[in-house]
Every structure is written in C-alpha cells, then in structure tokens.
Amino acid sequence: MSRLQTILIVFAALCAGSTMFLGLTAEGYGISTVPLLQAFTGAVLLLAAICYGWSYLFMFNRLVAGALVGGVSLFGAYGLIQTVGEVAPGPGFWAATLAAWALGWLCVEILASIETRNNVLNFLLRLLIPVAFGAWLLIIWELCTRGFNVPQVLLPSPSAIGDRFTQSTATLWVDFKQTFLKAVLIGYALGCGSGFLVALLIDRSPFLKRGLLPIGNLVSALPIVGVAPIMVMWFGFDWPSKAAVVVIMTFFPMLVNTVSGLAASTAIQGDLMKTYAAGYWQMLFKMRLPEALPFIFNALKINSTLALIGAIVAEFFGTPIIGMGFRISTEVGRMNVDMVWAEIAVAAIAGSLFYGLITLLERLCTFWHPSYRN
Amino acid sequence: MLSGVPYETRMHTTATPQDSTSVIRTNNLSLTFETNDGPVHALANIDLEVGAGDFVSFIGPSGCGKTTLLRVIADLEQPTDGSITVNGVTPEEARLTRAYGYVFQAAALYPWRTIARNVALPLEIMGLSRRERNERVRRNLELVNLAGFEKKYPWALSGGMQQRASIARALAVEPDLLLMDEPFGALDEIVRDHLNEQLLKLWEKTKKTVVFVTHSIPEAVFLSTHIVVMSPRPGRIFDVIESDLPRDRTLDIRETPEFLAIAHRVREGLREGHSYEDTV
C-alpha cells in the first residue's frame, strides 16, 4: 500500500470508530438505532483490520481490493442517504459520511494504480475515475442539502431534481427539440459554414482580409443581450431568431481559426505543389485544407458550447411558450427551481455529448496530427 | 601532395560544350534580392550548360547561391537579369509541363497520407487514372526499396526512408530531369553513403539528368560527372570540374588516388573562392 492509501484507510477507520461514541442524530441517539449504518461501521473496521494484518491482498489483487473498498463505500453511502430523511444528522452521521467518502477515494486510488495491457480493462478503469468522482459529488450534494435542510429554492437535492426530470420528460423533450435540435444545430451549421466560406474568400483576396476581418471582430464583440431582442424583431419569436443569435456567436471563431489554419502550410509544401503545377483548388483540397483541419476542429469545439449558451440566453428575450431558455426563465419566476435544474441537466448532457461527438470526429480526421499519433 | 591535376588545366569559366542536347542553358544569369539592408547579389553572371544524362553537383558554402540557382531552374525564383532555358523553353513552361522532379532538403511528406498516397499525390494532380497511378507508385517504391511500406504513414518511418519516399514521389512524375536540393543533408553519414550508392544506381538505370546541390565534397565527387564549384558574395561559379571516374562506381572508389585528386581540386577551388574565410 502506498502512503496515501494507508492514510485513507486509517482515516476511514478512525471516523467509523468515532461514530460509536458520537451521537448519530442531533438529538443524541446513538448509532445502534440505525442497523444499516452500524453494519457499515463494522465493515469499515473489518476492512481496516484486513489491510493491517493481510496487506498482501492489496499487493496481489488490486481489482478485488478496489471492488471490496468501493462496495463498502457505496453501501455506506446508501445507508447514509436512507438515514438522512428520517433523522436530523448529528456528529456521528457526518463522521460516517467522512469514512464512506475516504473509502471512495481509496477505491479510486487502488484502481488507478493498476497497470494492465488489457485494452478493455484499461478503458473501463480510465472511465471509472471521473464516474466515481461525479458520483461522490452527487452523494455529498444529496447528504448536505438534506442533512442541513437547505431550502429548495437555493439548491434542490439531486434526488429531487431526478424526480422532477423523470416526471417532466415530455416537457423537457419539447424544449430540447425547440432549443437544441432547431436553434442550436441549425444556427451552428449556418454560423460555422458561413465562417468557413468567408475565410476562404478572405484568403483569396487581401482586400477582403483588410475589410472583413475587422467587421467580423466587431460582430463577435456585440453583447448577446443587445443582439437577441433585435434578432427577435427581425426574425420573429420562433427559433429562427435564436438561430440568428447562434450564427452571430459562432461565425467569428470559425472565421479566424480557418484563416490561420489556411496559413499553416509550410513554404516547402507550397513549393512542392508548385513544382507539380497544381492549381488553386488542387492546392486547397490536397494540402491547405487538411493542414487547416486541426484549427477548424478547434473552432467547432469552441462553437459547440457557445451555440448552446447563445440559444438558451436568446430565449430570455421573447419566444413561443416552449424552449429551454424560456422554461428556465419562467420556472425561476415560479420558484420551481428543481425544474430549472432539470433543464440545466439536459443542457449539460446535450452539450457534453455534442462536444464529445466533435472530439471523436476530430480524432478520426486528424489522427495524423502529432497530438494524436500513437 | 595529392594534387593530380595541374592548376593551369582548370576551367575558370564554364564548360560550354557545343552540345545540342543540353537540358539546361543559362546565359549571364543574375538574381538580386532587394532587402532592407540593401541589395543581396544571390547569383551573378551565371553561365552554365547541363547536358542530357549528366549528373551535375553544385557545391559551395552556405550563401553561395547553389540552392537559389536550383530554384531558378525550377521556376521557384525569378532571375533579375540574363536568360535561362530548361529543355529549350522557359523554366515556367518547363514547370507547367512537369519537366522535372524536385527533391527538397526535407522529405515534406503529408502526414495524413500513407506512403503510397504521398507518392501518388503528383499523379493525382496530373489527372492520371487510378490504374496508372497504382502502377507507377508500385514501380517507384520498388525502385527506392520501399516496397511493403505502402500503407505506413510517413511519421512511422525513419528519416532515411522518408527521404527515399520523397525521391520516389519525384520519380513517379517520370521526368527526364531530377533536381535535388541537399536531399541527404539531414541524414547521418552511414545512411547517406547507402542512399548515395542507391541514387547512383538509379541514375544509371534511368538515364536521367540530375542536378544535385550539396555541401559535402565526398558526396559531390562520388556522384557527379560534373562538379560546379561556387563561391559567395556575389554567388557565382568559380570552377567546373569534369570527373573522369567511371560511371559505375562503388563506395570503394573513394579510396582511390583518382577520386582523392578530384576531391583535392574541389577543395582547392573552394579555398580560392574564399569559401573557407571566417567571414560567413
């Protein structure tokens, strides 16, 4: 066991042990009133004892050790969440929380130290660390909001958000369709596409370069809260006005990135094409565009998050009665903060998947770039 | 004393054999770059004639204009004075008819293309059919001993192999004239020796005209039928040495007195052209 792992297991054992002396609830009831947590405490102490006397378990089969520690950790989290609704938590409860959290960390530490040539296992282990991190963030969020009785309007618990999410899937889907599938995707395609085409034009003509680049710069500096109402007046309440805002936000990043990407080819490559008597379009498609791809994908990634923000904020300035931004602004007014969080969850999931998809595409198209070669 | 050729017999001006099959002919060619520090005379009064089937090396210190001269032949630079013909026409016309293959100092292979597709690149631009392209790629990769590496990416290959692939790419155009700008300059001496030998065999087999820029005396003497010694400020031809070594040479020839005599003459020429002075 490494030093950090030893510290974590000792810390977990100390916390678990202290629950026997500290009051589990605010009223001073002991841990014996909750069999689930009693079992958890016993399991932690047993685990610590195993580590102390039998530490080669950790040396030889880390997978088993990790699973064991993780299992006890999750069992503790389950017991804590079950308990928090029934009693007002006291010092013993929080000590048990710390013990479970320390075990969660220890689990990740053990699994991260595994070195394997098995690709599938490697992939799963790499995936596990962010998943475990996210899971424990949610568990602590749940325990704190319910344990400290945080008002719903300030911060609802993840379980309340989850309940709202599953109850309102129909509404969420309609909003998602309106905002993401229409405004974001169409605006994104138009903004990125026009940025790319204008970059090609600018590249051909020094006159346009001096004229258009500053205007593009100016457009990108326009505040979205000023532009959005104007777009509503121009293009109406429905999604086209939101798509227009997205176009304005995504145009410039694509423009500048493509312009610098087209300038990325080296002189020797250009000379080479010249010796083949290659024309402008051949040079563009066979040399300059492939060379510009890493730059273009950079813009696509930046724009994927910008587009979602732009479309949601634009809906604050007039929209039909659907859309993610519309829902957020009205539900905040009605103090239904759990619905706001459900919309935020949809935006986060959609945004991450969108970004991930573009990253995947980037890997496929620019596998040759030094940053991706293997 | 290694000197085998008396000083008086050297040609201080260019060899101008009245050969009707000359591939490159320059007349009083000059190129001056205008810079902020005043004009730089990269080339001054170059008279040169390269015959068909010759292997001509330009040798000299950096700044003597050897690469610039090669680039003028390739229409990558424009002369400011004098005239030049390549295959009897202007360099631009020669370039547009793809009269030459050019090998650069760096391999300059495209990392997103496999070796085979890199070699096929000029052929795609020429608009050849897929069958013709595949056939030429296969033949030329075989010629440079790279058969079996078609599907590899350039970054998975060593520097020597990359440079060989770039030679195959230049050969695939099937030009009669090959222009090579220090193609082996970035490689270690062992690889360079090996590639020199291969290049010589290739030249014998294909009967091409080769113009080769180098700053290595043994390389120039080993490869060439004519060695053009150049000197800097302004970039000019100081001497043209015609080699009497047999055409089929092996690396062993570098130990013979004949070889050493020519190498000595080249070195003497470089010294007299002030190439060894501490002013560079």
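Definitions and limits used
Residues numbered from 1 in each chain as written. Chains lettered and ligands numbered in written order. Predicted model: local features only at pLDDT ≥ 70, side-chain atom pairs only at ≥ 80, totals over all residues. Heavy atoms only, no water. Helix = DSSP H or I, 4+ residues; strand = E, 2+ residues; numbered from the N terminus. Rg over C-alpha atoms; globule rule 2.2 N^0.38 Å. Buried < 20%, exposed > 50% of the residue type's maximum accessible area, 1.4 Å probe, protein only. Contact = heavy atoms within 4.5 Å. Areas by Shrake-Rupley, 256 points an atom, 1.4 Å probe, with all protein chains shown as cover. Lys, Arg positive; Asp, Glu negative; His and termini not counted. Charge placed at Lys NZ, Arg CZ, Asp CG, Glu CD. Core = buried A, V, L, I, M, F, W, Y, C linked by side-chain atoms within 4.5 Å. Domains from an automatic or database assignment. Buried area = accessible area lost by both parts, 1.4 Å probe. Salt bridge = Lys/Arg side-chain N within 4 Å of Asp/Glu carboxyl O. Polar contact = N/O pair within 3.5 Å; in protein donor to acceptor, adjacent residues only side chain to side chain. Nonpolar A, V, L, I, M, F, W, Y, C, P; charged D, E, K, R; others polar. Axes fitted to C-alpha atoms, helices over the stretch in contact; angles between N-to-C directions. Parallel < 35°, antiparallel > 145°, perpendicular 65-115°, else oblique. Left-handed = near helix turned anticlockwise from the far one by under 90°. pLDDT = per-residue confidence, 0-100. Pairing = 2+ DSSP bridges.

(A) Seen up close, the overall build of chain A. Counting secondary structure elements, chain A contains 15 helices and zero strands. Taken over C-alpha atoms, the radius of gyration comes to 28 Å for chain A, far larger than the 21 Å a tight globule of 374 residues would show. Projecting the C-alpha coordinates of chain A onto the three principal axes gives extents of approximately 80 × 55 × 30 Å. A total of 374 residues make up chain A; the buried ones form 44% of that total. Summarising the internal contacts of chain A: among those between residues at least 6 apart in sequence, 74% fall at separations of at least 24. On chain A, roughly 18,900 Å² of surface is accessible, and the fraction owed to carbon and sulfur atoms is 71%. Considering chain A, the positive charge centre built from 20 side chains and the negative charge centre built from 16 side chains are found 13 Å apart.

(B) Quick peek at the overall build of chain B. Helix and strand counts for chain B stand at eight helices and nine strands. A compact globule built from 280 residues would reach a C-alpha radius of gyration of about 19 Å, and chain B, at 19 Å, matches this within 12%. Judged by the C-alpha coordinates and their principal axes, chain B covers about 55 × 45 × 40 Å. By the burial criterion, 55% of the 280 residues in chain B qualify as buried. Taking as baseline every contact in chain B between residues at least 6 positions apart, the subset at least 24 positions apart corresponds to 71%.

(C) Summary view of the nonpolar core. Residue and element names in this part refer to chain B. Judged by nonpolar contacts, the single largest core of 48 residues is most densely connected at Ile167, Met180, Leu199, Phe212, Val221, Ile227 and Val266. It is helix α5 (residues 159-172) that provides the largest number of residues to this core, a total of seven residues. Taken together, domain 1 (23-99 + 176-280) and domain 2 (109-174) each give at least three residues to this core, which thus spans both. Setting aside its immediate chain neighbours within four residues, Ile227 contacts Ser57, Ile59, Ala220, Val221, Asp239, Val240, Ile241, Ile262 and Val266.

(D) Molecular detail of the domain arrangement of chain B. All names here are of chain B. Here chain B is partitioned into domain 1 (23-99 + 176-280) and domain 2 (109-174). In this structure, domain 1 and domain 2 have C-alpha centres spaced 25 Å apart. For the pairing of domain 1 and domain 2, the buried interface totals around 1,100 Å² over both sides, and the portion due to carbon and sulfur atoms is 71%. Considering only the side of domain 1, the residues that lose the most area to domain 2 are Arg98, Gln198 and Leu202, jointly responsible for 41% of the buried surface there. Linking domain 1 with domain 2 are zero salt bridges, by the criterion used here.

(E) Geometry of the interface of chain A and chain B. Contacts between the two partners involve 18 residues from chain A, matched on the other side by 23 residues from chain B. Between chain A and chain B the total buried area reaches about 2,100 Å² when both faces are included, carbon and sulfur atoms providing 67% of it. The largest per-residue losses of area from chain A upon contact with chain B belong to Thr275, Tyr276 and Lys286 of chain A, which jointly make up 30% of the total buried on that side. At the boundary of chain A and chain B, one finds two salt bridges. Two residues, Arg71 of chain B and Asp271 of chain A, come together in a salt bridge whose shortest N-O distance is 2.8 Å. Our count for the contact surface shared by chain A and chain B stands at seven residue pairs in polar contact (both at pLDDT 80 or more). Sort the elements by how many residues they give to the side of chain A that touches chain B and helix α12 (residues 267-275) of chain A lands first, with seven residues. Classifying every residue of the side of chain A that touches chain B gives ten nonpolar, three polar and five charged.

(F) Spatial organisation of the domain arrangement of chain A. Looking at chain A, the domain boundaries give domain 1 (3-150) and domain 2 (165-365). When each unit is reduced to the centre of its C-alpha atoms, the spacing between domain 1 of chain A and domain 2 of chain A is 43 Å.

(G) The arrangement of the packing of helix α4 (residues 62-84) of chain A against helix α6 (residues 119-147) of chain A in detail. Residues and elements named next belong to chain A. Axis separation between α4 and α6 bottoms out at 10 Å; the angle between their running directions is 25°. Considered as vectors, α4 and α6 are oriented roughly parallel to each other. When you trace α4 past α6, the crossing you get is left-handed. Along its contact with α4, which presents Ser73, Ala77, Leu80, Ile81 and Val84, the element α6 presents Trp136, Ile139, Glu142, Leu143, Arg146 and Gly147. Of the residues in the contact of α4 with α6, the class split is seven nonpolar, two polar and two charged.

(H) Local environment of the packing of helix α3 (residues 115-126) of chain B against helix α4 (residues 130-143) of chain B. All names here are of chain B. Interaxial distance between α3 and α4 falls to 9 Å at its minimum, and their mutual angle equals 130°. Judged by the angle between their axes, α3 and α4 are oblique. The handedness of the crossing between α3 and α4 comes out as right-handed. Contacts from Ile115, Ala116, Val119, Ala120, Leu123, Glu124 and Met126 of α3 reach α4 at Arg133, Arg136, Val137 and Leu141. For the contact of α3 with α4, the class distribution of residues is eight nonpolar, no polar and three charged.

(I) Inspection of the confidence of the model for chain B at higher detail. All names here are of chain B. On average, chain B scores 81 in pLDDT, and the residues at 70 or more come to 90%. For chain B, per-element mean pLDDT is lowest for strand β2 (residues 38-51), which scores 81, and highest for α3, which scores 91. Confidence drops under pLDDT 50 across residues 1-19; counting only partners more than four residues distant or on other chains, this segment forms 28 contacts.

(J) Seen up close, the side chain of Gln163 of chain B. Residue and element names in this part refer to chain B. By the element assignment, Gln163 lies in helix α5. At a separation of 2.5 Å, a polar atom in the side chain of Gln163 contacts the side chain of Ser166. In this structure, Gln163 is in contact with Val103, Phe104, Gln105, Ala106, Ala107, Pro183, Phe184 and Leu187, ignoring residues within four places of it in sequence.

(K) Representation of the sheet that holds strand β4 (residues 81-86) of chain B within the structure. All names here are of chain B. Strand order in the open sheet formed by three strands is β2-β1-β4, and the pairing between neighbours is antiparallel. Across the chains shown, the open sheet's two edge strands, defined by having one partner strand only, are β2 and β4. The mean angle between the axes of side-by-side strands here comes to 20°, regardless of whether they run parallel or antiparallel. For strand β1 (residues 22-35) and β4, the ladder comprises five bridges, and the chain directions are antiparallel. Counted as the bridge partner of Thr26 is Ile84 from β4.

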